[in-house]
Number of protein chains: 4
Amino acid sequence: MNKYSIILGNLGNTCDRFLSTGYKDQLPKAEMIRQAAAIPGVKGVELVGSWDVTPQNVDEVGGLLAKHGLSCVSIIPDHFSQKRWGRGAFTAKDPAIRAQALEETMAAAEMARKLKCPLINLWPGQDGYDYVLQSDFRSERRWTIEAVKAAAKAYPDIRFSLEYKPKEPRTHSTWARAADTLLVAKETGMPNVGVTIDTGHSMTGGENMAEAAVLLTDFGGKLFHMHFNDNYRSWDDDMIVGSVHFVEFIELLFWLKELDYPGWYSMDQYPYREDGQGALRASVEFLQGIEAMLDAGAMGELRELVKAGDAVRSTNWLRSRIFSGARLS
Amino acid sequence: MNKYSIILGNLGNTCDRFLSTGYKDQLPKAEMIRQAAAIPGVKGVELVGSWDVTPQNVDEVGGLLAKHGLSCVSIIPDHFSQKRWGRGAFTAKDPAIRAQALEETMAAAEMARKLKCPLINLWPGQDGYDYVLQSDFRSERRWTIEAVKAAAKAYPDIRFSLEYKPKEPRTHSTWARAADTLLVAKETGMPNVGVTIDTGHSMTGGENMAEAAVLLTDFGGKLFHMHFNDNYRSWDDDMIVGSVHFVEFIELLFWLKELDYPGWYSMDQYPYREDGQGALRASVEFLQGIEAMLDAGAMGELRELVKAGDAVRSTNWLRSRIFSGARLS
Amino acid sequence: MNKYSIILGNLGNTCDRFLSTGYKDQLPKAEMIRQAAAIPGVKGVELVGSWDVTPQNVDEVGGLLAKHGLSCVSIIPDHFSQKRWGRGAFTAKDPAIRAQALEETMAAAEMARKLKCPLINLWPGQDGYDYVLQSDFRSERRWTIEAVKAAAKAYPDIRFSLEYKPKEPRTHSTWARAADTLLVAKETGMPNVGVTIDTGHSMTGGENMAEAAVLLTDFGGKLFHMHFNDNYRSWDDDMIVGSVHFVEFIELLFWLKELDYPGWYSMDQYPYREDGQGALRASVEFLQGIEAMLDAGAMGELRELVKAGDAVRSTNWLRSRIFSGARLS
Amino acid sequence: MNKYSIILGNLGNTCDRFLSTGYKDQLPKAEMIRQAAAIPGVKGVELVGSWDVTPQNVDEVGGLLAKHGLSCVSIIPDHFSQKRWGRGAFTAKDPAIRAQALEETMAAAEMARKLKCPLINLWPGQDGYDYVLQSDFRSERRWTIEAVKAAAKAYPDIRFSLEYKPKEPRTHSTWARAADTLLVAKETGMPNVGVTIDTGHSMTGGENMAEAAVLLTDFGGKLFHMHFNDNYRSWDDDMIVGSVHFVEFIELLFWLKELDYPGWYSMDQYPYREDGQGALRASVEFLQGIEAMLDAGAMGELRELVKAGDAVRSTNWLRSRIFSGARLS
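Residues numbered from 1 in each chain as written. Chains lettered and ligands numbered in written order. Predicted model: local features only at pLDDT ≥ 70, side-chain atom pairs only at ≥ 80, totals over all residues. Heavy atoms only, no water.

Enquirer: Where do I start with the overall build of chain A in this structure?
Expert: From N to C terminus, chain A includes 11 helices and 10 strands. Computed over the C-alpha atoms, the radius of gyration of chain A is 20 Å, within 12% of the 20 Å expected from 2.2 N^0.38 for a compact globule of 329 residues. For chain A, with 329 residues in total, the buried portion stands at 69%. A fraction of 76% describes how many contacts in chain A between residues 6 or more apart in sequence connect residues 24 or more apart. Between the centroid of the 37 positive side chains of chain A and the centroid of its 43 negative side chains there is a distance of 2 Å. (Helix = DSSP H or I, 4+ residues; strand = E, 2+ residues; numbered from the N terminus. Rg over C-alpha atoms; globule rule 2.2 N^0.38 Å. Buried < 20%, exposed > 50% of the residue type's maximum accessible area, 1.4 Å probe, protein only. Contact = heavy atoms within 4.5 Å. Lys, Arg positive; Asp, Glu negative; His and termini not counted. Charge placed at Lys NZ, Arg CZ, Asp CG, Glu CD.)

Enquirer: How should the interface of chain C and chain A be read in this particular structure?
Expert: One frequent convention defines the size of an interface as the accessible area lost when the parts assemble. Taken together, the contact between chain C and chain A spans 44 residues of the former and 44 residues of the latter. Three residues stand out in chain C for area buried against chain A, namely C:Arg17, C:Phe18 and C:Arg273, and they jointly supply 25% of the buried area on that side. On inspection of chain C and its partner chain A, the count reaches 10 salt bridges. In this structure, A:Arg17 engages C:Asp236 in a salt bridge whose closest nitrogen and oxygen atoms are separated by 3.0 Å. The interface formed by chain C and chain A contains 27 residue pairs in polar contact (both at pLDDT 80 or more). Looking at the side of chain C that touches chain A residue by residue, the classes come out as 16 nonpolar, 12 polar and 16 charged. (Buried area = accessible area lost by both parts, 1.4 Å probe. Salt bridge = Lys/Arg side-chain N within 4 Å of Asp/Glu carboxyl O. Polar contact = N/O pair within 3.5 Å; in protein donor to acceptor, adjacent residues only side chain to side chain. Nonpolar A, V, L, I, M, F, W, Y, C, P; charged D, E, K, R; others polar.)

Enquirer: Help me understand the interface of chain B and chain A in this model?
Expert: Every contact between the two is made by 31 residues of chain B and, on the other side, 31 residues of chain A. Carbon and sulfur atoms make up 65% of the area that chain B and chain A hide from each other, which totals about 2,600 Å². Inspection of the chain B/chain A interface yields two salt bridges. Among the ionic pairs, A:Arg319 bridges to B:Glu285, the shortest N-O distance being 2.4 Å. The tally of links from chain B across to chain A stands at four residue pairs in polar contact (both at pLDDT 80 or more). Secondary-structure elements contributing two or more residues to the side of chain B that touches chain A are α8 (247–258), α9 (276–293) and α11 (311–322) of chain B. Top contributing element to the side of chain B that touches chain A by residue count: α9(B), with nine residues. Split into classes, the residues belonging to the side of chain B that touches chain A amount to 16 nonpolar, seven polar and eight charged.

Enquirer: How should I be thinking about the environment of A:Gln277 in this particular structure?
Expert: Residue and element names in this part refer to chain A. Relative to the helices and strands, Gln 277 resides in helix α9 (residues 276–293). Residues Gln 277 and Gly 63, spaced 214 residues apart in sequence, show a C-alpha to C-alpha distance of 21 Å. When sequence neighbours within four positions are dropped, the list of residues in contact with Gln 277 reads Leu 11, Gln 35, Ala 38 and Ile 39.

Enquirer: Looking at this structure, I do not really get the packing of helix α3 (residues 95–114) of chain C against helix α4 (residues 137–154) of chain C. What am I missing?
Expert: A pair of packed helices is characterised by two quantities: the angle between their axes and the separation of those axes. All names here are of chain C. Relative to each other, α3 and α4 sit at 30°, their axes nearing to 10 Å. By the angle between their directions, the pair α3 and α4 is classed as roughly parallel. At the point where α3 passes α4, the crossing takes the right-handed sense. Within the contact between the two elements, α3 uses Arg 98, Leu 102, Thr 105, Met 106 and Arg 113 and α4 uses Trp 143, Ala 147, Ala 150, Ala 151 and Ala 154. Here the contact of α3 with α4 is built from residues that sort into seven nonpolar, one polar and two charged. (Axes fitted to C-alpha atoms, helices over the stretch in contact; angles between N-to-C directions. Parallel < 35°, antiparallel > 145°, perpendicular 65-115°, else oblique. Left-handed = near helix turned anticlockwise from the far one by under 90°.)

Enquirer: Would you take a moment to explain the packing of aromatic side chains for this structure?
Expert: The way to describe two aromatic rings as a pair is by their centre distance and the angle between their planes. Summed over the entire model, instances satisfying the criterion amount to 80 aromatic pairs over all chains. Between B:Tyr129 and B:Phe137 the ring centres are 5.4 Å apart and the planes differ by 70°, which places this aromatic pair in the edge-to-face class. With 5.7 Å between their ring centres and 70° between their planes, B:Tyr261 and B:Tyr265 make a pair best called edge-to-face. One residue, A:Arg98, lies across the ring of A:Trp143, its end atom 3.5 Å from the ring centre. (Phe/Tyr/Trp six-rings, centres within 6.5 Å; stacked < 30°, edge-to-face > 60°. Lys NZ or Arg CZ within 6 Å of the ring centre and 35° of its normal.)

Enquirer: Explain helix α7 (residues 209–218) of chain D here, please?
Expert: An α-helical segment advances 3.6 residues per turn. Residues three or four places apart therefore align on the same side. Residue and element names in this part refer to chain D. Of all 10 residues in α7, eight are buried; the element is thus mostly enclosed. The residue sitting at the N-terminus of α7 and contributing the capping side-chain oxygen is Asn 208; that oxygen lies 2.9 Å from the backbone nitrogen of Ala 210. Taken from the residues just after α7, Gly 220 is the one with a positive phi, measuring 120°.

Enquirer: Please explain the relation of the copies chain C and chain A as it appears in this structure.
Expert: There are two copies of the chain, and a rotation about an axis plus a shift along that axis relates them. Overlaying chain C with chain A gives an RMSD of 0.0 Å, the required rotation being 180° about an axis along which the chain moves by 0.0 Å. Both chain copies can therefore be described as sitting about a two-fold axis. Most of the interface of chain C is mirrored in chain A, where 100% of its interface residues are also at the interface. (Least-squares fit on C-alpha atoms with pLDDT ≥ 70 in both.)

Enquirer: Just checking my understanding: could you explain the relation of the copies chain B and chain A for this structure?
Expert: It takes a turn of 180° to lay chain B on chain A, together with a shift of 0.0 Å along the axis; the resulting RMSD is 0.0 Å. With an isologous cut-off of 70% or more, the 100% of interface residues of chain B that recur at the interface of chain A puts this contact in the isologous class.

Enquirer: For this particular structure, what's the right way to read the nonpolar core?
Expert: Nonpolar side chains in soluble globular proteins generally cluster together in the buried interior. Residues A:Phe228, B:Phe228, C:Phe228 and D:Phe228 are the most contacted members of the largest nonpolar core, which totals 436 residues. The residues touching D:Phe228, leaving out its near neighbours within four places in the chain, are D:Thr199, D:Val241, D:Phe249, D:Leu252, D:Leu253, D:Leu256, D:Tyr265, D:Ser266, D:Met267, D:Asp268, D:Gln269 and D:Leu287. (Core = buried A, V, L, I, M, F, W, Y, C linked by side-chain atoms within 4.5 Å.)

Enquirer: Please explain helix α1 (residues 29–37) of chain D as it appears in this structure.
Expert: Residue and element names in this part refer to chain D. Taken together, the buried positions of α1 are occupied by Met 32, Ile 33, Gln 35 and Ala 36. Looking straight down α1, one finds its buried side chains confined to an arc of 160°; they lie on one side. Summarising the contacts, the buried residues of α1 are in contact with β1 (3–7), β2 (42–48), α2 (58–67) and α9 (276–293). (Arc of directions from axis to C-beta.)

Enquirer: Is there a simple way to explain the pattern of salt bridges in this structure?
Expert: Oppositely charged side chains can form a pair if their charged atoms are brought close together. Within this structure, the stated rule accounts for 84 salt bridges over all chains. C:Glu285 is the partner of C:Arg281 in a salt bridge, and the nearest nitrogen-oxygen pair spans 2.8 Å. Remark: C:Glu285 and C:Arg281 occur in helix α9 (residues 276–293); sequence separation between them is four residues, near one turn of the helix. Taking the relative accessible area as the measure of exposure, C:Arg281 reaches 40% and is therefore partly exposed. Taking relative accessible area as the criterion, C:Glu285 reaches 24% and is therefore assigned partly exposed. Linked through salt bridges whose partners overlap, the residues forming this network are A:Arg17, C:Lys165, C:Glu168, C:Asp236 and C:Asp238.

Enquirer: Hey, could you run me through the pairing of strand β1 (residues 3–7) of chain B in this one?
Expert: Looking along a regular strand, one sees the side chains alternate between the two faces of the sheet. All names here are of chain B. Of all five residues making up β1, four are buried, and the element is well covered by its neighbours. Pairing between β1 and strand β2 (residues 42–48): four bridges, direction parallel. When the bridges of β2 are listed, Ser 5 appears paired with Gly 44. A crossover connection joins β1 to the parallel β2 through helix α1 (residues 29–37); in handedness this β-α-β unit is right-handed. (Pairing = 2+ DSSP bridges. Right-handed = clockwise from strand over helix to strand, strands pointing away.)

Enquirer: What am I meant to see in unusual backbone geometry here?
Expert: Among all residues except glycine, the phi angle is most often negative; among peptide bonds, the trans geometry is most common. Note the cis peptide between B:Glu168 and B:Pro169, where omega equals 5°. In this structure, D:Lys116 takes a positive phi of about 55° despite not being glycine. The residue D:Lys116 is located in the loop between α3 (95–114) and β4 (119–122) in this model.

Enquirer: What is the right way to look at the side chain of D:Ser135 in this model?
Expert: Structurally, the position occupied by D:Ser135 is in the loop between β5 (128–129) and α4 (137–154). By relative accessible area, D:Ser135 is classed as buried at 1%. At 2.6 Å, the side chain of D:Ser135 forms a polar contact with the side chain of D:Glu140. When sequence neighbours within four positions are dropped, the list of residues in contact with D:Ser135 reads A:Trp255, A:Val306, D:Lys93, D:Tyr129 and D:Glu140.

Enquirer: Before we go on, may I ask you to explain the state of the cysteines in this structure?
Expert: Think of a disulfide as a covalent bridge from one cysteine sulfur atom to another cysteine sulfur atom. Summed over the entire model, instances satisfying the criterion amount to zero disulfides over all chains. Between A:Cys72, a cysteine without a disulfide, and A:Cys117, which holds the nearest cysteine sulfur, the sulfur-to-sulfur distance is 3.8 Å. (Disulfide = S-S within 2.5 Å.)

Enquirer: It is not clear to me how the confidence of the model for chain A should be interpreted in this structure. Could you clarify?
Expert: Detailed reading of the predicted model is not advised wherever pLDDT is low. All names here are of chain A. Of the residues in chain A, 98% have a pLDDT of 70 or more, and the chain-wide mean is 96. Ranking the elements of chain A by mean pLDDT puts helix α11 (residues 311–322) last with 95 and strand β6 (residues 159–163) first with 99. Overall fold confidence for the complex sits at a pTM of 0.98, while the interface term, ipTM, reaches 0.97. (pLDDT = per-residue confidence, 0-100.)

Enquirer: It is not clear to me how the pairing of strand β1 (residues 3–7) of chain A should be interpreted in this structure. Could you clarify?
Expert: As defined by bridge partners, β1(A) adjoins strand β10 (residues 264–267) of chain A across four bridges and the pair is classed as parallel. By the bridge assignment, A:Ser5 is partnered in β10(A) with A:Ser266.

Enquirer: Honestly, the environment of C:Asp136 in this entry has me stumped. Any pointers?
Expert: One can find C:Asp136 in the loop between β5 (128–129) and α4. Since its relative accessible area comes to 7%, C:Asp136 is described here as buried. Separated by 143 residues in the primary sequence, C:Asp136 and C:Ala279 have C-alpha atoms spaced 40 Å apart. In this structure C:Asp136 touches B:Trp255, B:Val306, B:Lys307 and C:Lys93, once residues within four positions along its chain are discounted. Reaching out from C:Asp136, the side chain makes a polar contact with the side chain of B:Lys307 at a distance of 3.1 Å.

Enquirer: What am I meant to see in the side chain of B:Arg177 here?
Expert: All names here are of chain B. Secondary-structure assignment places Arg 177 in the loop between β7 (172–173) and α5 (178–188). Nearest to the buried, unbridged Arg 177 among oppositely charged side chains is Glu 207, at 5.3 Å. Among the polar contacts made by the side chain of Arg 177, one reaches the main-chain carbonyl oxygen of Gly 205 at a distance of 2.7 Å.

Dropping the structure here:
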């Protein structure tokens, strides 16, 4: 049985650069937690620093989660929503800002311990660059390795998972795709440092999501965490899972099972104009639909198909599953 | 009932710039026609000039089609596979080449009359440009309008359908997307000039295929023909239909039915390394699967959904169709 | 001499979905107008509804512009930054919202008259859709035609210029590219309705900017306005002009001159993390650099090059201009 | 002084899937070698197996090169232009084909020794997959590591450089981008295995070319070779260098110099419709133009700019170099 979770803030308000006050109304935290728990199958949540959890409210949030039977699956330190990170967190040219980025990471690890949360998901969205001749690539990648290593050493009981994304809010992110982020993770030399695949980031980066999962697993057991959403491949649209792609998600879930991926299947969306709970529920149900499809028989058949590599057979198999039942009689 | 056809050459050998002799062996024409007729549901074929049909063999080809009960759905004049077209056909800087491009079109129309084929599908693949400061946009688009108009006037009993494609073999095609090609078609002022949507070209061009079909229909009744294949949106991969996209094809077939599109659903693929017949059959069966899904009840529900515009509801509807039957019980 | 202008708000604060309070501090309007006037060559500004100008402050803004010798080049009605537009303005499913979108347009036209501003630039950013099976394409495009026509009829002394963009904030915009927007403009039947090219939107849409300018001019004299910025072609990054592309801007400015484009060259950027005035000035100076390059001799040479279509010659010409002077001696 | 070379076949005929006999006429090998030597600055050539060099003609080719004073810079074994490689070379499901792929590599290394060529450039273009559920990612990547390792062990005096490319002729290549290919190179554990950056492949893969060069250098000294060409970022158009991009090439050449890259600057184009020699010469002259720009003063200024990270300053610097001389006085 897959373990499903959501990022809590997905239930709240969402904005963009044109409508900065947001498309919806903000919900109280208690209401968001209640809604999360009410989605069938969801057993955990991820919390974003500043937005969802702070050193001040961590105990209160922990109480609310406990009340609704939810685990804290990960904490995502806020390295993106404050003006001070505007020109980078771990890669800021200013060493004082870099030091603050590490402090923010440590503070998140402290909160994680309090919440019995096993994983810090690092997405330093402001790390990268926008223009040609703006980045000192050598120093900047090195700084991220040093910071992650320091945090991982300080909190050996916590896993640090690096979430890559090719772009946005910078036109080029420092951790852009699975392989380059794996190099950073390996370079830290720490067993508690790994990588998060966000399906939308992976697709925007031109990756095959399943291949990224295999790569991270086979080169050091570094697939630590999974974020799910969908998009049109050119931008991180953060849509309902399955609303655009379908066969790729079958391949991904096949491989995650084949790889014995032990982590959470966590929803990470931006339902700008949609009912948040409905959008998250639709995503979970889509993945549950594929999970149900992947019984032992199907797994065996798929194992054969990827070994054979015959596109007509693979396509026929997919079609037989989609148009099942009386519909094709 | 939708009418299904294929482009005959899809059953033969295919090559690319790295393997110019092709990935497979060439099949005799008679064998290709036999294979086409053997695909359940296929009642017509499209023929490419030079490759499939010439003034010399047109009667023989007509006989073979008749023997297997196949209609000639369209003829695609060869404006791309000869060295003389290398720098353009209708847009060639050399007026002698432009004249030949028109002659080739006229010759195809003559063959069409012989084969009782109602449509010439114009895909002047070499028309366009590769480099900045290489094209005189004004003259070149104008030349294509004049040539199409001349052919359409000379053969008022034949429909001329302009197939657009954003790029390849040129980095920029003159007829690139639905709307600009519609402008060309309208500018001819001829009722027998319309536009072909190739689903792969449309997706590569960043279009929503269904929206393109609506646009061409609503601005003058100009949707004349449909080519089907699939790809990853960044290149015309000419893959098995449904092997990448799914929900978009449901939306497209819904709208084609809603628009009373009267034409053929024609497969246009490049199964480089696959069994050609198997690949085409898989595409037809995929579209037949959606056709079966779109019964009167589904059409009514979809009509409501596009009016309501609620993404959660639309997504839920799609999921309920995909994971149907006992599988989710 | 080209006429240069800027969008006033480009000098102010900018935000995105992750840092909604913005990367910089907001500047007072008077300071922004002063900064605009201080950029060498800039003689006009564009004003955005709600953000820059309202029926309440229009006289005050007019006074400030006059004081600094700036023309109001266009007004952009606010069809995007308010919650009520979240699911569309002209294409909202709710007829009451559609009526408000027209009212907002009319109100902008009133302000334009007061400011002696000749042009309303319509960018209904929220018009479009995000998901498959969410849009009733037929009705929605029709609604935009009717609204534009109504405004253009009510204000025959004002030009209405439709600004297209393929996506963002919706994953699919109703007015997506030059050709489809031209179809809308023509369908209104109004001589005072045309189209705006935003260079970044054009590139994101896969267009060649110069070809779009030619198309709009040749099919009805509909190129009304130009917005300038730069990006990496996959997203509307709104960067400094010339920071990514160079040869394409030479081709564009050559054609704008060749077409006798009479309008403004207006900067439209989002200098999230940069000094706003510096970023705008850099863009203007880049375009001035090309303008200086395009003397009568260069125009004649380029005219020959696009007629000849020899990529080696065209490329050599460009190289000779870039690496000019002693550098290659 | 940078060392410039070309891939010999770039001077010959070129074809694509629509015009398989090619856009031009084939030239005799001796004539191509003569033309290569006649391009100012070119001192070396790369040879492609089957096309340019075979065990049968290797001595003859060596003689021709010597006669014209050209070095053999690299040999590219033919892993793509024969029917047997159609479904993969190192990743073929058939072990007999995989064995042949290794033999082909060894044979190329033998030829390299004869020609005193220090480098084998491996581009196994057919390695990868096209469809979802067609690839056994785990085995296939592993097979490429084993084969490369075996060749590198057998020929410790030869460097093996792995050329990545995100797609084409497969929709997904096994060696897709710099970082994943670096992982493969490192996994072989061999000091004589590194990576080739083809600038077009890098841009198509969404990379910043300069960042890729830094990554390969900093994580193990693995940047072995460079191929130059240009494109529009969505496909490997193999165009004249500088015909599309400019500022990115300045950044790349700055970093190659900063990294003390000791290898060749080798042209790799497909001048389908252009004069081959003219197209290659234009590319070399473009790079020489940048090389001349990057004097000690400029290097110092650029070093400061990438440390400062101020986009306005960086852009101003670029503009001052482009519009140099009297033009901006």
